[in-house]
Structures are given as structure tokens and as C-alpha cells.
Amino acid sequence: MLTVTPLSEAIQLAREHFGSLRTSRDFVDLASALQRVLAEDICSDEFVPVFNRSTADGFAVRSADVFGCSDSIPALLNIAGESKMGEHAGFVLRPGQCAIVPTGGEVPEGADAVVMVEYTEDLGGGQVAVYKPVAPGADMIMRGEDTKPGDVILPAGRRINAADIGALAALGVTNIPVMRRPRVAIISTGDELITPAEKPAPGQIRDVNSPLLYNAVLEAGGEPHELGFIRDDEDAITETVRKAAVEHDMVILSGSTSVGEKDAMPRVISNLGRLLLHGIAVKPGKPTLFGEVNGVPVFGLAGNPVAAYFLFYNLVRPILFNLQGAVPFDHQLTLPVSRSVPSNHGREEIVPVVVRDGRVQPVASKSGLITTLADTDGFIRIPRELEGLREGDLVQVTLFSR
Ligand code: AMP
Ligand code: MG
């Protein structure tokens, strides 16, 4: 029999043991930075923009010159020059003058605002009528308004997204300090397993966990290495785990985690290193374990793919983020549940759900049904002390990353 630990305590225990592990620093270019985690704060060392820049097509003016003008009493200004895209304006605006500026062009020295072209009229002979007053700073971005030297643009620990890459490009940061992606070994175990490309004979089953966990690791920023599947053989598992723990930052196994005769995993980890936990009060996923071998976290997930994925998501993924110095995050929503869900297993229950029209639809499933997770959006956790959920109860959904 397993002595089970509540899931939240198991997560806490993993954090205590592995939470301070970090990979080393690495540098990538802008094309490879997506989803990498910043190893240090990114500070600006420039003024962006480096010149006062117009955000509209129109005329650069001194706002005092157009103060109080209107449709009936326009301000009359003389064109001092034209600011061209990509070029320094090179002249100074004197009182009573204006300058032609395109969107993105430099606002010449002396001007402090831009009047949009639709509020002006070219009177010919170098004269322009302005029909609308503008406040200082209108329709322009000041030098350094985006960033100034010393501003922290992106903090260490941030997972870089496409918009962040835009900010890095704006600052000219092209050699980006990130944490090395954790190398993660993925190993399935079971005499019944065949590759996904093969056709199962009675008694056989395709190895679902290897590709599932490979991609789950990828989504969490890791560098997965599929070591394939091995037979339920203690010596074979021992050798594979011993080698994997030398070459990787983390090892994820699945299958063979129960207390049956053939379930070798707990023994293997105890013999090679230290077993830290075996058995979690959660359904599915009770026969989950973890320990360390040479200081490397080794997780043994239950073979049932639904259990393996849910325990990966709740227990392993946060450690993968930790290894990269990133704050673990989940996309969560609180929404009403569409129907009642009985649950009194004395264990916390994780239920896959679909989110439709602002409601959470639990997906009924029997343990062992592999397609349960197909076409779902995330999961809810029903605490062990609850008898279940009633229709309309508010629940917190964790959405799978997309
Ligand atoms: P185990 O944890 O080894 O007792 O396996 C529990 C259930 O999950 C059994 O029905 C196994 O056939 C199944 N299973 C184990 N490993 C995998 C795998 N890699 N892919 C799909 N199903 C698996
Ligand atoms: Mg097995």
C-alpha cells in the first residue's frame, strides 16, 4: 500500500528540493529568443526614439503660436521647411513658423507639437492656416519617451514573447542573455509498448507518453530528449536512468511506478539516489514518485497518459520553469461549471474540461481512456474535502498552454 501525500504538499516538497536548481547562461539572437527566459534585466542604454518624432502627417508648430485659433480665426504660419523621413530636419522653427512633417519624421528643434494636416489649409505662397489649437506634445513622441538609458525594459525571469522581441529589436539588443534550456530525458517503460507508427496486436499499446511529454517539455521551454521505451526490467531501467541522470538536467519516466512485482521504478531510484516521495492523494496519478540521482530531479509518472500529463503539468512543469529562473505561471479563469460532478474519493480529483460560452464542461472519462484529453482546454482540481461540484458552482480552470 502507498502512503499518499496531498498534491499541494508534493508540489511544495519538489520546490523545496529542486527550486533553487538553475541551468547556466546562454546567448541567443532575436530569431531564437521566443519562449526563452531572460537571465538578467534588459536595460536600455539609449534614448528611444533618439529624436522628437511626429506621429501624424501634418505641420510641426510652436503650440503657443496656435493657442486660441479656431475655424473662424485661424492662426497663419509661414513654412520654414520640410522634415523628410529618415533625415535630420536640420533647421530651427522660429515664432510664427511651421514645418511639413510626415508620420515618423523628425519634429524640428523649436517645435513642440504637431497639427494634423486635416486641421490646416495650405494657402499657397508658403503660408498655412491652422484651424485647431494643440497642446504641447500633441501628436509627437519626445526623444527618450519610449525608453531612456537605465530604464529596465524586461526583467530577469521573463519568458520572451513576440512583442518582447519587438522591444528588444527597438533597443538594438541582438545578443540576448537567456538561461540554457533544461535538457530533459524522457523514458517510457512497459512490456506492452510499441511505437506510434506500429499497429498494436492484442495486449499491445502505442507509446503515448513519450511524444506527449516530449511536447509538454518543449512547451515549458525545455530541450526534450526522447530515449524511447524500455522493458519492465529493473536492470534495464537502472542503466537507462543512471546514464540519463549524467547527461540531463531532469529525467522524466513513466510507467512502472506502482507497488506491484513488476513495478521497479521506486527501487531503481532508491538504489541510484534518493526517493523523496512515492504516492500522491490525487486521482488520476496516485502512483507518482520523484527523487534525485546525482542531484538531478527524476520524476516517475504513472503510465496512464491522462495521469502522466496532469502530474507533469502540476508537479514537473513548475520545476522546469524554476530551472530556467522563470516564475511558474498558469493561465487560469474562474467560471461556473455546467453540470454537477460527483467526487468523494478521499483524494483530490483532476478533471479535464472544455470551456464553452463562458461555462466549464467537465469531460467524463474512465481511467485508461487515452483520448480523454483530446479536444479539451484544461482542467479543474476538486479538493479532497469536497463531495463534488453543483451546477453553477464557480471553479478555477487551468488552461493548457497553446
Ligand atoms: P503502469 O503505470 O505501468 O502500471 O501503467 C498504467 C497504464 O498505463 C497501463 O494500462 C499501461 O499500459 C499504460 N501505459 C503505461 N505506459 C504507457 C505509455 N508510455 N503510453 C501509453 N500508455 C501507457
Ligand atoms: Mg507498466
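Look up a bit, the structure's there.
As a starting point, this report considers the structure included with it. Remember, it's a predicted structure, so these values are computed and weren't measured experimentally.

1. Comments concerning the site of ligand 1
For ligand 1, the set of nearby residues contains 15 residues, the closest of which are E192, D207, V208, S256 and G303. Taking S256, its main chain carries an N or O atom lying 2.9 Å from an oxygen atom of ligand 1. Burial of ligand 1 by the protein chains amounts to 74% of its free accessible area of 480 Å². For the shell around ligand 1, the secondary-structure elements that each account for two or more residues are β13 (183–189) and β15 (205–206). Residues belonging to the shell around ligand 1 are distributed by class as follows: five nonpolar, seven polar and three charged.

2. Quick word on the pairing of strand β26 (residues 378–382)
Most of β26 sits out of view: four of its five residues are buried. Looking at chain direction, strand β24 (residues 348–356) and β26 are connected through five bridges and run antiparallel. Across the sheet, residue V353 finds its bridge partner in β26, namely G378. Here β26 runs beside strand β28 (residues 394–399); their pairing, made up of three bridges, is antiparallel. When the bridges of β28 are listed, F379 appears paired with T398.

3. Remarks on the packing of helix α1 (residues 7–18) against helix α6 (residues 305–323)
Relative to each other, α1 and α6 sit at 20 degrees, their axes nearing to 10 Å. What the angle tells us is that α1 and α6 run roughly parallel. In terms of crossing hand, the pair formed by α1 and α6 is right-handed. For the pair α1 and α6, the contacting residues are L7, A10, I11, A14, R15 and F18 in the first and L311, N314, L315, I319 and N322 in the second.

4. Concerning the sheet that holds strand β9 (residues 127–130)
Within the open sheet, the six strands sit side by side as β7-β4-β6-β5-β9-β8. Their pairing is mixed. Of all strands in the sheet, those with a lone pairing partner are β7 (113–116) and β8 (120–124), marking the two edges. When the angles between neighbouring strand axes are averaged without regard to direction, this sheet yields 40 degrees. One ladder, built from four bridges, connects strand β5 (residues 75–82) with strand β6 (residues 97–101); its direction is parallel. Pairing of I79 across the sheet is with C98, part of β6.

5. Let's talk about helix α2 (residues 162–171)
Among the residues of α2, D164, I165, L168 and L171 are the ones counted as buried. What you see down the axis of α2 is that its buried residues fit within an arc of 120 degrees, all on one side. The exposed residues of α2 that point more than 90 degrees off its buried face are A162 and A163. For α2, the capping residue at the N-terminal end is N161, with a side-chain oxygen 3.1 Å from the backbone nitrogen of A163. Two residues or fewer after α2 comes G172, characterised by a positive phi angle close to 75 degrees.

What counts as what
- Residues numbered from 1 in each chain as written.
- Chains lettered and ligands numbered in written order.
- Predicted model: local features only at pLDDT ≥ 70, side-chain atom pairs only at ≥ 80, totals over all residues.
- Heavy atoms only, no water.
- Near = heavy atom within 4 Å.
- Polar contact = N/O pair within 3.5 Å; in protein donor to acceptor, adjacent residues only side chain to side chain.
- Areas by Shrake-Rupley, 256 points an atom, 1.4 Å probe, with all protein chains shown as cover.
- Helix = DSSP H or I, 4+ residues; strand = E, 2+ residues; numbered from the N terminus.
- Nonpolar A, V, L, I, M, F, W, Y, C, P; charged D, E, K, R; others polar.
- Buried < 20%, exposed > 50% of the residue type's maximum accessible area, 1.4 Å probe, protein only.
- Pairing = 2+ DSSP bridges.
- Axes fitted to C-alpha atoms, helices over the stretch in contact; angles between N-to-C directions.
- Parallel < 35°, antiparallel > 145°, perpendicular 65-115°, else oblique.
- Left-handed = near helix turned anticlockwise from the far one by under 90°.
- Contact = heavy atoms within 4.5 Å.
- Arc of directions from axis to C-beta.

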